[in-house]
Amino acid sequence: MKKFYSLIVIVFILTLMVFSPGVFAAGVERQTVDSETSNDILGTSATQDLGVTYRTHVQNNGWENNWAANGSSAGTEGQCLRLEAIEINLTGANLPTGAKIEYRTHVQNNGWESSWTSDGNRAGTEGQSLRLEAIQIRLVAMPGYAVQYRTHVQNQGWDTTWTANGESAGTEGQSLRLEAIEIRLVKNGLAPEGLNAKAASHAISLTWKGVNGADSYTIYQSATSSDGDYTEVAAGIAAVTYVVPNLEDGKRYYYKVKATAGDVDSPLTEAATAIASVDDQGNVLLGNQLLISNESTDIENTQSTGTLSSGADVMETSELDLASYGFDAILPFEPSAGQRPIDPSNGSLLKTSEVYELNSTKDFYTYSFITGNMDQTHARLAYNGTHGQVWVDADNPTMFITDDDACLIGEAFDDSIYPLITENFYTESDVNADGKIAILCFDIQDNYAIPGDAYCNGYFSPEDLYDGADSNRMEIFCMDTYPTMGNDVNNPNVSQIFVGLAHEFQHMVNFNRNEIEEKSGYMDTWLDEALSEAAGYMYQVLAESAGQDCKDVHTMRLSSYNKSDAIRNGKSLLDWNTSADNLNYALSYFFGQYLRTQVDEALGSGNGVKVFNEIITDPGNGNAAVESVIQKYIDPQLTFGEFLTNYRAAMVLKADTGSFGFNGEEAFNGISTPLYIGGTTNLAGGGAIVTAIDAPFTVPVDQGTDVSCLGIFW
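Residues numbered from 1 in each chain as written. Predicted model: local features only at pLDDT ≥ 70, side-chain atom pairs only at ≥ 80, totals over all residues. Heavy atoms only, no water.

(A) Region of interest: the overall build of the protein. A count of helices and strands for the protein gives 13 helices and 39 strands. The 714 residues of the protein split such that 54% are buried. Here the analysis covers contacts within the protein between residues at least 6 apart in sequence; of these, 69% occur between residues at least 24 apart. Within the structure as shown, the protein displays about 30,900 Å² of accessible surface, and the carbon and sulfur contribution to it stands at 47%. (Helix = DSSP H or I, 4+ residues; strand = E, 2+ residues; numbered from the N terminus. Buried < 20%, exposed > 50% of the residue type's maximum accessible area, 1.4 Å probe, protein only. Contact = heavy atoms within 4.5 Å. Areas by Shrake-Rupley, 256 points an atom, 1.4 Å probe, with all protein chains shown as cover.)

(B) Molecular detail of the sheet that holds strand 31 (residues 374-384). Pairing is mixed across the open sheet formed by 7 strands, whose spatial order is 29-34-35-33-32-31-30. Of all strands in the sheet, those with a lone pairing partner are strand 29 (326-330) and strand 30 (361-367), marking the two edges. Direction aside, the axes of adjacent strands within the sheet are offset by 30° on average. Pairing analysis gives 5 bridges linking strand 29 to strand 34 (residues 455-460), with the strands arranged parallel. Directly across from A329, in strand 34, lies its bridge partner Y459. (Pairing = 2+ DSSP bridges. Axes fitted to C-alpha atoms, helices over the stretch in contact; angles between N-to-C directions.)

(C) Layout of the environment of N60. Inspection of the secondary structure assignment puts N60 in the loop between strand 2 (51-58) and strand 3 (62-63). The spacing of N60 and G127 is 67 residues in sequence and 10.0 Å in space, taken between C-alpha atoms.

(D) Local environment of the pattern of salt bridges. Going through the model one piece at a time under the given rule, you end up with 20 salt bridges. R131 is the salt-bridge partner of E133, the closest N and O atoms lying 2.8 Å from each other. Like R131, E133 is buried. Two residues, R596 and D600, come together in a salt bridge whose shortest N-O distance is 3.3 Å. (Salt bridge = Lys/Arg side-chain N within 4 Å of Asp/Glu carboxyl O.)

(E) Just unusual backbone geometry, in detail. Each neighbour pair has its own omega, and for Y482 with P483 the value is 10°, a cis peptide bond. Mapping P483 onto the fold places it in the loop between strand 35 (476-480) and helix 6 (498-517). Located in the positive-phi region is N70, a residue other than glycine, with phi close to 50°. Position of N70 relative to the elements: it lies in the loop between strand 4 (68-69) and strand 5 (73-75).

(F) Just the sheet that holds strand 18 (residues 203-209), in detail. The strand order across the open sheet formed by 3 strands is 17-18-21, and the pairing between neighbours is antiparallel. Both edges of this open sheet fall to strand 17 (193-200) and strand 21 (241-244), since each of them pairs with a single strand only. Averaged over all neighbouring strand pairs, the angle between strand axes comes to 20°, with direction disregarded. Two elements, strand 18 and strand 21, share 4 bridges in a ladder whose sense is antiparallel. Pairing of T207 across the sheet is with T241, part of strand 21.

(G) Quick look at the confidence of the model for the protein. Averaged over every residue, the pLDDT of the protein is 89; residues scoring 70 or more account for 89%. Scored below 50 in pLDDT, residues 312-324 makes 25 contacts in the model with residues more than four places away or belonging to other chains. (pLDDT = per-residue confidence, 0-100.)

(H) Expanded view of the nonpolar core. Counting 107 residues, the largest nonpolar core has I409, F425, F505 and Y539 as its most contacted members. The contacts of F425, once residues within four sequence positions are left out, are L420, Q506, V509, L531, A534, A535, M538, F612, N613 and I616. Judged by nonpolar contacts, the second largest core, of 23 residues, contains A74, A99, A123 and M142. (Core = buried A, V, L, I, M, F, W, Y, C linked by side-chain atoms within 4.5 Å.)

(I) Expanded view of the pairing of strand 22 (residues 252-261). Most of strand 22 is tucked away, with 9 of its 10 residues classed as buried. When strand 19 (residues 216-222) meets strand 22, the two strands line up antiparallel, connected through 7 bridges. Residue pairing in the sheet places Y217 in a bridge with A259 of strand 22. As paired strands, strand 22 and strand 24 (residues 272-275) are joined by 4 bridges and run antiparallel to one another.

(J) Representation of the side chain of T645. Mapped onto the fold, T645 is located in helix 13 (residues 640-653). There is a polar contact of 2.9 Å between the side chain of T645 and the side chain of S293. Dropping the residues within four chain positions of it, T645 is found in contact with L291, S293, E295, S708 and L710. (Polar contact = N/O pair within 3.5 Å; in protein donor to acceptor, adjacent residues only side chain to side chain.)

(K) Here's a closer look at the packing of aromatic side chains. Applying the stated rule across the entire model yields 32 aromatic pairs. Taking 5.1 Å as the distance between ring centres and 70° as the angle between the ring planes, the aromatic pair formed by F364 and W391 counts as edge-to-face. Of the two residues, F364 sits in strand 30 while W391 sits in strand 32 (residues 388-393), which places them 27 residues apart along the sequence. Residue classification places F364 among the buried residues on the basis of a relative accessible area of 0%. Pairing Y594 with F643 gives two aromatic rings, centres 4.9 Å apart and planes at 45°, and the pair type is tilted. In this pair, Y594 is assigned in helix 10 (residues 585-603) and F643 in helix 13, connecting sequence segments 49 residues apart. Like F643, Y594 is buried. The side chain of R138 reaches across the aromatic face of W116, ending 3.7 Å from its centre. (Phe/Tyr/Trp six-rings, centres within 6.5 Å; stacked < 30°, edge-to-face > 60°. Lys NZ or Arg CZ within 6 Å of the ring centre and 35° of its normal.)

(L) Spatial organisation of the environment of F333. Relative to the helices and strands, F333 is located in the loop between strand 29 and helix 4 (347-350). The class for F333 is buried, based on a relative accessible area of 12%. Filtering out sequence-adjacent residues up to four positions away, F333 remains in contact with Q339, P462, E463, Y466 and Y522.

(M) Seen up close, the packing of helix 8 (residues 553-562) against helix 10. At a minimum axis distance of 9 Å, the contact between helix 8 and helix 10 shows a crossing angle of 120°. When the axes of helix 8 and helix 10 are compared, the pair comes out oblique. Relative to helix 10, the crossing made by helix 8 is left-handed. When helix 8 is examined against helix 10, the residues H554, R557, L558, S560 and Y561 are found in contact with a partner set consisting of Y585, A586, L587, Y589 and F590. (Parallel < 35°, antiparallel > 145°, perpendicular 65-115°, else oblique. Left-handed = near helix turned anticlockwise from the far one by under 90°.)

(N) Molecular detail of helix 8. Taking burial as the measure, the 10 residues of helix 8 include 9 buried ones, the bulk of the element. Along helix 8, the residues classified as buried are V553, H554, M556, R557, L558, S559, S560, Y561 and N562. Tucked into the core, helix 8 has its buried residues touching strand 29, helix 6, helix 7 (525-545), helix 9 (565-568), helix 10 and helix 13. Its side-chain oxygen 3.3 Å from the backbone nitrogen of H554, D552 forms the N-cap of helix 8.

(O) Here's a closer look at helix 10. An ideal rise of 1.5 Å per residue puts 27 Å on 19 residues; helix 10 measures up with 27 Å between its terminal C-alpha atoms. Where burial is concerned, most of helix 10 is hidden: 16 out of the 19 residues are buried. The first or second residue beyond helix 10 is G604, which carries a positive phi of 115°. (Expected span 1.5 Å × (residues − 1).)

Structure (structure tokens):
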């Protein structure tokens, strides 16, 4: 009878097990529900042959006897017991070769463990009464799978979302213990495809292909590189497009997107990149202005912009300031075969051993821009300083220069201009062995009659350093008095030549390095002038910071550039043509400043000027010397031609940071590039135009091979 009743009890128990799974499977009920809600095309729970098991070391209890698996809970709830250690294993007969699970814990007092534990080994501590506060878990060699986990935290309970793939679950710095943990594997679905980033106005527009079953998308952004650190910028996006707003103009950003269904995330997409407000991608460009740039250095053979439609806008023009018509010059000189600079030790070449004292007089050879011939100017030594001598016209001068005026000129040269040039550019020659540079002030004959006429601010003649019939046989600048020092002949403003002195001194030291010392020939004119313009601006900044008066070279060049028909119509930076609008000074000036500010951004403010000396001492003497410093300090992959295009874009966008601006220097915010309004045209190497567009622009198939286009939002 007892056996009969025992049989009945056994049958009854088996019946309960079959028809009441909730009673015996309560520990895995959470896993079952979660698997059902995430069972979609995006991601599903791992198949039964692959899984994860884990157990914890619990305060007072020690290691759990049974291993939890696939989303069930390990640890305790409601007992205020800390987790002290954990072991985790992958399970399944079909694990990929090399597959493993790695994990590490954040331990009370110790912080994060320095190395990752794997495959059933212990992470955490035993016998030290130290709580686990956070955990990171990741898979290795498990393509198509993700590991998800969540923790039960002291005072907070269960995490409301699952953490995945090496991210931290739990807390740091709050002294809160982990009390329980759930871990599961999920199959990843496909990441969103076709992620595309495109420039927008102060923004970047993203598009991608949707994933079936996805509830939403999350967008991540990096401001450094495609494999840099990404931060979340938008979540819960239901659409498959998104515009990331309020970005820095001209800055490149990188993006990745993931899809989410329920609590299952897809992998991240491959990175897509774009530049805020500058479209440089593909054959269809967006923006409201279009830059077309010939990146070639060939100024003899032009290349087509490709088919363009004529615009309707007319550029505003206005009269240039008087100062805009002043020019500085290097007198043309080509040494004859075998002709070398004067050797100061060769008295027969120097032909003078005279030492000049104050009020000494001397006849100088001076050039007439009216006749194209040499004249003679009789001058008196009115200042004899450490580095400079100031000579003034002694025979019926148009503008009388007093000794006090000469002293102002000489002191400005000795105290400010000389150290500025020799420390940042190069040093001068000394063919007459006197250690000084003559500054001859007189009315240069240049056909100036009324305001608006062109005139010469000053010039440097290399012939003066050689033995020749018209050589002064010394280092000398000729500086104009009228109208450079003003139109009032009785009240000269001598400070108006100081910028010009710095300009001409750069020409002199440049010639010394490249022609006399290196014997490599003249530096390309556009670059030599860019450096002289930089020298003039450096003096202007120095003078203004000391509250001193001087010519405003920056405002002059700004006015010339903004109102120039030649620049509007594609003037090349590299083609220094004396018939061009204002002699190309504006383009060379701004190029020098762009180069300086780009190096400043790379190395820190104030370091950009170091490249001027490096360019002068580079034997390249042209674009090769510039490319050398670009690749040394700015970007080792950036070509000179690409740098030219970036420079032209900076003249439009004036971004605060990056390649398309002047490192945030406010002085350049007044640049307003004149817009081209014609149709198809040809550009010389280094030439560029900017035109307005009101629709996406398709890059013409018939444009030149070195012609590049950028869409710009401005």
